[in-house]
Amino acid sequence: MSKRGGVENNRAITDRLLTCHQRLYSSLKLGFSSYDDKRRKWRCLDIEMQKHVVHSISAFLGFISADTWQHPLVKDSVADMIKALEGTLQCNSEVVLIIAAKVALKLVRDLPSSMLQSHVLNLIQPFSSLLSSHQLKVASRCANGLNHILTHLIIKEDRVIWEILTETNAVIHIINNIKNSSINMESIKYFQRMASLLGRILWRWPPSRYRVWNDADLLRALEVIRVNPNSSVKVAVFQLYSALALCGNGAERLLENGENFIKMVVQCMGSTQPPPVRIEAFKLAQLLVMSGQRCSKIMRLSCESIVQAIIYGLSGSSLPGRQNAKDQISLVVEAGRLAQITRWAGEHHIYFWKLGIDRVLFTLLLSKSHKAQPPRHSLSFEELSAIASEGPAFIWDILGGLVTHCAEDFNPEMNESDFSINILIGCACWTFVDAIRKGGQICQDDANNISSRSASRAVLLMIYSPCKFIASQARSILSAALKPDGKRYLKSLMDYLHSVSSRDEFGGPDRIFFSIVGLTCYSVLPQYRKYIIQNEGIKMLLAFIKKCLRNDFNLGRLNVATHLQDMFSLRTCYPTCCHTCTEDWDDGGILLLFSLWGLAELIHHSGPMRNCPDLFCGQMEYTEAQLINDLQEICNNTSTPGLRWYAAYLLSYFGVYGFPGRLGKRIGNALGEKENADTQLILKSGESLSVHGVLLLVQCPSLLQTVELPLDKKSSDGSSVRQYTELTKKFKKEVHLSAHVHHLPLVKILEFVYLGYLHAGEDLVKSLKSFAKHCKLQPLLQMLHRKRPRWGIPFPGLDLTRALDFDGLAFSDVVLKAEAAEEMQWACKFCFVLVPHMHVHKIILWSSCDYFRAMYRSGMQESRSLFVKVPISWKALVKLVDWIYSDKLPTLVSGCLFHNMDDREKLQELQPFLELCWLADQWLLEGIHEHCSRVVNSCLDSSENLSLEVLQISARLSLWKLAEAAVNRLAPSYSRLRLTGEIEKLDKDLADMVRAASVRHSRDGSTK
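Residues numbered from 1 in each chain as written. Predicted model: local features only at pLDDT ≥ 70, side-chain atom pairs only at ≥ 80, totals over all residues. Heavy atoms only, no water.

> So what exactly am I meant to see when it comes to the overall build of the protein chain here?
Tallying secondary structure elements over the protein chain gives 51 helices and 12 strands in all. Considering the protein chain as a whole, with its 1008 residues, one finds that 54% of them fall into the buried category. In the protein chain, of all internal contacts separated by at least 6 residues, the share reaching a separation of at least 24 is 75%. Carbon and sulfur atoms provide 50% of the accessible area of the protein chain, an area that totals close to 46100 Å². (Helix = DSSP H or I, 4+ residues; strand = E, 2+ residues; numbered from the N terminus. Buried < 20%, exposed > 50% of the residue type's maximum accessible area, 1.4 Å probe, protein only. Contact = heavy atoms within 4.5 Å. Areas by Shrake-Rupley, 256 points an atom, 1.4 Å probe, with all protein chains shown as cover.)

Dropping the structure here:
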């Protein structure tokens, strides 16, 4: 087209646009008015005029195209069209609403996001309000429009939108629409739109989830809907289920139907289903197994079939015919994310190996590197490089989990898997070596760097695998991969770590990650380990560990690899809630964990610490005593199992064997205490030790012997007598030990019983090993043998709760009763006392609390009484006893369960914490007061009425810090509380405190 022709065409477009624009505004101007807030609003009650305006907007939109988006007439008209539609959507005419909803939907769909961004909030209110319309077309179009806005526009006002959705009861209306819909060909689109919008809201606003998963009628309706053969309906249902499972409580609710629900999910992951259904089923399953506990529960229901579905999904061969490439990729990715359940131990590992997971991963690597056929010979590192460079990160995460939980005698050669496993190990090792060669100098967002981090972690897990075959192969292949420049790479990363340890700030997390993992991997290879030790690698790691602890630089796994696209990244990508997962070994300080790991490996090969007298020479800033103290603090105050295990493992090289913890520090007060001892351990030499039977029962029951009643001669099979014996089993007050038991080893084992750990020199370890084996103290035996901790197993800290069960009844010598027992039906399984009470043990109370220690030493009548009344409610007493016996701090019903309670229910939940705050002050209960105060403080923002109640209770109990916190929460609302009369609930002194805080708040606000 000539330049002149183009000009004429543009003029023609402008002329037609101008004509349409004039017609649009001739109708719009009749409805615009200015209001007191100086904002123009469109209002018109004439139905015909409303229709005319909507048709004018529709005509104008029909003329707009990509060529005219930037035209001033179009850009300037958007705000007025939206205001007119906003006003029209509030009319009462169903005919107008049907047309207006259609045009409003067209507007948000057709116009680019940049044009709508600043005006779109005006449509959210009417769209949300009309979700309750009984006109399906209106509700459906509004749902579609609202979903489009939430999906495609970047809206920063999340809080404002949620307030609109709450005020209009949007979630309730959508739920009702879904429950009332009958799935047929006409209403499929309606259901999909409602389900899609509800899912979008659930993903974006966690407070919306409780009302949905707690609606039993909705869940039953979804059960009926999901059997519809239409695949798009199944996809919509699964997407909604996944949104519900973002809430841990929602996931648990879905699993209440246990076997049937899991069977349905597994069936939809199967190869007979359309790819979109399978993809959504895999996504749902990922959310259901976000914790090891739920994963175990699900695997018990359907282990083999889940693994089989994953294998089929990863292979991709089950897609029929020429399937869309995008679906194929998505299916493999989602199956790969779910396959990372290998991080949890369990029976599913058997099925993964049985079904050839190694060959599937190998084939997947080949397909990514565009190799059609698997090689039949060993590959050079150049060939491994070509294969590994394209490998997705989840392959290495899956492999890392598999090798971690292998049995020691596992041999892939028996399954003809050795070739594929060797290739996988080789690819991981090459990727790792390439990463340390580059020094982690890759863009953090780079896909290859993401894969490198996962591969490096997998290499670490492989070379330390409990499986001898895999560990041997990995070390051999890594050694070969490091030649000829391995020492140069090692020197480079050590120089970097030396530099980082001496600086005030850490460097880039990627390079630190590769350096620490690299050093830990090098430490297991003899040809490099000597170099590390000779070049003060141990001292360097000590400095780095100190830096981690002092600077709180505990980078979790998901922080180091923030872009890992696996199912566990859901916790950071989306606002999950109410999920608890304490089983992850490396999710709470990965750099510190791998540093402790590397240090332990180097010290292990340096021999006993007495052979390394110069280890702490020159370490004036970090002495041996400080390291031991820090390692014990990690055991005491860290919840991550991996950190606690390796801290305990390192302590064994300093003569501390076992598992330090806060509970052991308290119970250790009873070691050597004779007044409350109820059992004598008598050695063959005649020496005796006074101990407390209940602690032996829990910690070392082998030291206790039982008295078996003789069989009743009248009973032919002895069944009645045996039953009686089990119910009345009694423990000897004197236990005579064999001649093989010597005094000093026994004293040390008792130290472990009371403290959870023991101190011993190398000369005593051999006899302790024999004694611990006889007593079946396997965790202690592992520490005495200095066996490397096995990845993924729970930390065996001291826990005395077993003493509260039937076995501990024989040693119970105190009964605790609450001062204010709630009205409740009560039946004790141990006795016939009809008021709520707990059978406990004097020595455990004595050890845990200064108050009880003073009481039992006082000689007063109370100290000799069987019953002790504690001045708190029954609920608070249960939490207190649980803490005394397990050191588990009391927890509040959290997340959506708490936030959806009314104020009365919330106060009932908080009441025990307020009581425990007060009791902790009176009884000097270390740790309880601070924790319970923190819990109460965290809830004050949920409700003004709750803050008023907490203020009154806190004042009554003289908890003035909590009272001050409640006052500060109420201060901004003082004027409103005074006008509504709610402030009258408080007495004059408390009301004056709120008023004074309000004045300070106003003054501080005005000076900012």
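> What is the right way to look at the state of the cysteines in this model?
Among covalent bonds in proteins, the disulfide is the one between the sulfur atoms of two cysteines. If you walk through the whole model with that rule in mind, you get zero disulfides. Residue Cys577 stays outside any disulfide, its sulfur separated by 3.8 Å from that of Cys247, the closest cysteine. (Disulfide = S-S within 2.5 Å.)

> It is not clear to me how the packing of helix α16 (residues 275-288) against helix α18 (residues 325-338) should be interpreted in this structure. Could you clarify?
Each pair of packed helices can be summarised by the angle the axes make with each other and by the distance between the axes. Here α16 crosses α18 at 20 degrees, and the two axes come no closer than 9 Å. As judged from the angle between their axes, α16 and α18 are roughly parallel. Crossing handedness for the pair α16 and α18: left-handed. Within the contact between the two elements, α16 uses Pro275, Pro276, Arg278, Ile279, Phe282, Lys283, Ala285 and Gln286 and α18 uses Asp327, Ser330, Leu331, Glu334, Ala335, Arg337 and Leu338. For the contact of α16 with α18, the per-class residue count stands at eight nonpolar, two polar and five charged. (Axes fitted to C-alpha atoms, helices over the stretch in contact; angles between N-to-C directions. Parallel < 35°, antiparallel > 145°, perpendicular 65-115°, else oblique. Left-handed = near helix turned anticlockwise from the far one by under 90°. Nonpolar A, V, L, I, M, F, W, Y, C, P; charged D, E, K, R; others polar.)

> Could you clarify how one ought to interpret the sheet that holds strand β4 (residues 679-682) in this entry?
The strands making up a sheet associate through backbone hydrogen bonding, with each pair oriented either parallel or antiparallel. Here three strands make up an open sheet; going across it, the order is β5-β4-β8 and the pairing mixed. Of all the strands in the sheet, the pair left with one neighbour each is β5 (688-691) and β8 (734-736). Strand-to-strand twist of the sheet, defined as the mean angle between neighbouring strand axes without regard to direction, takes the value 20 degrees. Bridge count between β4 and β5: four bridges; the pairing is antiparallel. Directly across from Leu681, in β5, lies its bridge partner Leu689. Seen against the sheet, helix α38 (residues 743-755) touches β4 and β5 and runs at an angle of roughly 5 degrees to β5. (Pairing = 2+ DSSP bridges.)

> Is there a simple way to think about helix α34 (residues 641-651) in this case?
Counting buried positions along α34 yields 11 of 11 residues, so the element is predominantly enclosed. The set of residues buried in α34 consists of Pro641, Gly642, Leu643, Arg644, Trp645, Tyr646, Ala647, Ala648, Tyr649, Leu650 and Leu651.

> I keep staring at unusual backbone geometry and nothing clicks. Help me out?
Peptide bonds are, in most cases, trans, and in most cases residues other than glycine have a negative phi. In this chain, Lys483 is followed by Pro484 through a cis amide linkage whose omega measures 0 degrees. Within the element layout of this structure, Pro484 appears in the loop between α25 (468-482) and α26 (486-502). In the Ramachandran plot, Asp887 falls in the positive-phi region, its phi being about 65 degrees despite a non-glycine side chain.

> Just checking my understanding: could you explain the side chain of Asn122 for this structure?
Within the secondary structure, Asn122 is located in helix α6 (residues 121-129). Judged by its relative accessible area of 18%, Asn122 falls in the buried class. At 3.4 Å, the side chain of Asn122 and the side chain of Glu86 are in polar contact. (Polar contact = N/O pair within 3.5 Å; in protein donor to acceptor, adjacent residues only side chain to side chain.)

> What am I meant to see in the side chain of His405 here?
Positionally, His405 belongs in the loop between α22 (393-404) and α23 (418-438). Not counting residues within four places of it along the chain, the set of residues in contact with His405 comprises Thr342, Arg343, Trp344, Ala345, His349, Arg790, Trp791 and Gly792.

> Please clarify how the pattern of salt bridges should be interpreted in this entry.
Should their charged atoms come close, side chains of opposite charge can pair. Tallying each qualifying case throughout the model produces 31 salt bridges. Close ionic contact of Asp510 with Arg453 constitutes a salt bridge, the shortest N to O distance being 2.9 Å. Separated by 57 residues along the polypeptide, Asp510 in helix α27 (residues 509-522) and Arg453 in helix α24 (residues 447-463) bring together distant segments of the chain. The same class applies to Asp510 as to Arg453, namely buried. Of the charged contacts in the structure, one is a salt bridge between Arg786 and Glu762, with a shortest N-O distance of 2.5 Å. With Arg786 in the loop between α40 (778-784) and β10 (814-820) and Glu762 in helix α39 (residues 762-774), the pair connects residues that are 24 residues apart, well separated along the chain. (Salt bridge = Lys/Arg side-chain N within 4 Å of Asp/Glu carboxyl O.)

> How should the environment of Ser305 be read in this particular structure?
Tracing the sequence through the fold places Ser305 in helix α17 (residues 292-315). Note on Ser305: relative accessible area 27%, which makes it partly exposed. Note: C-alpha distance between Ser305 and Gln267 (38 residues apart in sequence) is 8.7 Å.

> Would you mind showing me how to read the environment of Val936 here?
Topologically, Val936 is positioned in helix α47 (residues 928-939). With a relative accessible area of 0%, Val936 lands in the buried category. Spatially, the C-alpha atoms of Val936 and Cys917 are 9.5 Å apart, while their sequence positions differ by 19 residues. If near-sequence neighbours (up to four positions away) are discounted, Val936 is found in contact with Leu910, Phe913, Leu914, Val950 and Leu962.

> What should I look at first to understand the packing of aromatic side chains in this one?
How two aromatic rings sit relative to each other is given by the distance of their centres and the angle of their planes. Scanning all chains against the criterion turns up 21 aromatic pairs. Seen in terms of ring centroids, Trp353 and Phe410 are 4.7 Å apart; in terms of plane orientation they differ by 40 degrees. Their pairing is tilted. Of this pair, Trp353 sits in helix α19 (residues 348-354) while Phe410 sits in the loop between α22 and α23, and the two are 57 residues apart along the sequence. You can call Trp353 buried: its relative accessible area is 9%. Judged by relative accessible area, Phe410 falls into the buried class, the value being 16%. Counting every residue linked through ring pairs, the aromatic cluster contains Tyr464, Phe594, Trp597, Tyr646, Tyr649, Tyr653 and Trp791. A cation over a ring is seen here: Arg511 above Tyr496, with NZ or CZ 4.1 Å from the ring centre. A cation over a ring is seen here: Lys817 above Phe867, with NZ or CZ 5.0 Å from the ring centre. (Phe/Tyr/Trp six-rings, centres within 6.5 Å; stacked < 30°, edge-to-face > 60°. Lys NZ or Arg CZ within 6 Å of the ring centre and 35° of its normal.)

> Please explain α38 as it appears in this structure.
Residue pairs three or four apart in sequence face the same way in an α-helix, which turns once every 3.6 residues. Over its 13 residues, α38 extends 18 Å from the first C-alpha to the last, a length consistent with the 18 Å expected when each residue adds 1.5 Å. Counting buried residues along α38, 10 of its 13 residues qualify, which places the element largely inside the surrounding structure. Along α38, the residues that are buried comprise Pro745, Leu746, Lys748, Ile749, Leu750, Glu751, Phe752, Val753, Tyr754 and Leu755. Directly after α38, the chain includes Gly756, whose backbone phi takes a positive value near 90 degrees. (Expected span 1.5 Å × (residues − 1).)

> Can you help me understand the packing of α23 against α27 in this one?
Running from N to C, α23 and α27 cross one another at 125 degrees; their axes reach a closest spacing of 10 Å. With respect to their mutual orientation, α23 and α27 come out oblique. Of the two elements, α23 crosses α27, and the hand of that crossing is left-handed. Across the interface between the two elements, Phe432, Ala435 and Ile436 of α23 pack against Phe514, Val517, Gly518, Cys521 and Tyr522 of α27.

> Quick question: what am I supposed to make of the confidence of the model for the protein chain here?
Reading fine detail from the predicted coordinates is not recommended where pLDDT is low. Averaged over all residues, the pLDDT of the protein chain is 85; the fraction at 70 or higher stands at 85%. The low-confidence segment residues 1-7, where pLDDT is below 50, has one contact with residues more than four positions distant or belonging to other chains. Of the regions scoring below 50 in pLDDT, residues 706-731 engages in 26 contacts with residues more than four places distant in sequence or in other chains. (pLDDT = per-residue confidence, 0-100.)

> Which parts of the structure should I look at to understand the environment of Glu223?
Relative to the helices and strands, Glu223 resides in helix α12 (residues 216-225). Residue classification places Glu223 among the partly exposed positions, given a relative accessible area of 34%. Along the primary structure Glu223 and Phe261 are separated by 38 residues, whereas in three dimensions their C-alpha atoms are 9.2 Å apart. If we ignore the near neighbours within four places in the chain, the residues touching Glu223 are Tyr241 and Asn257.

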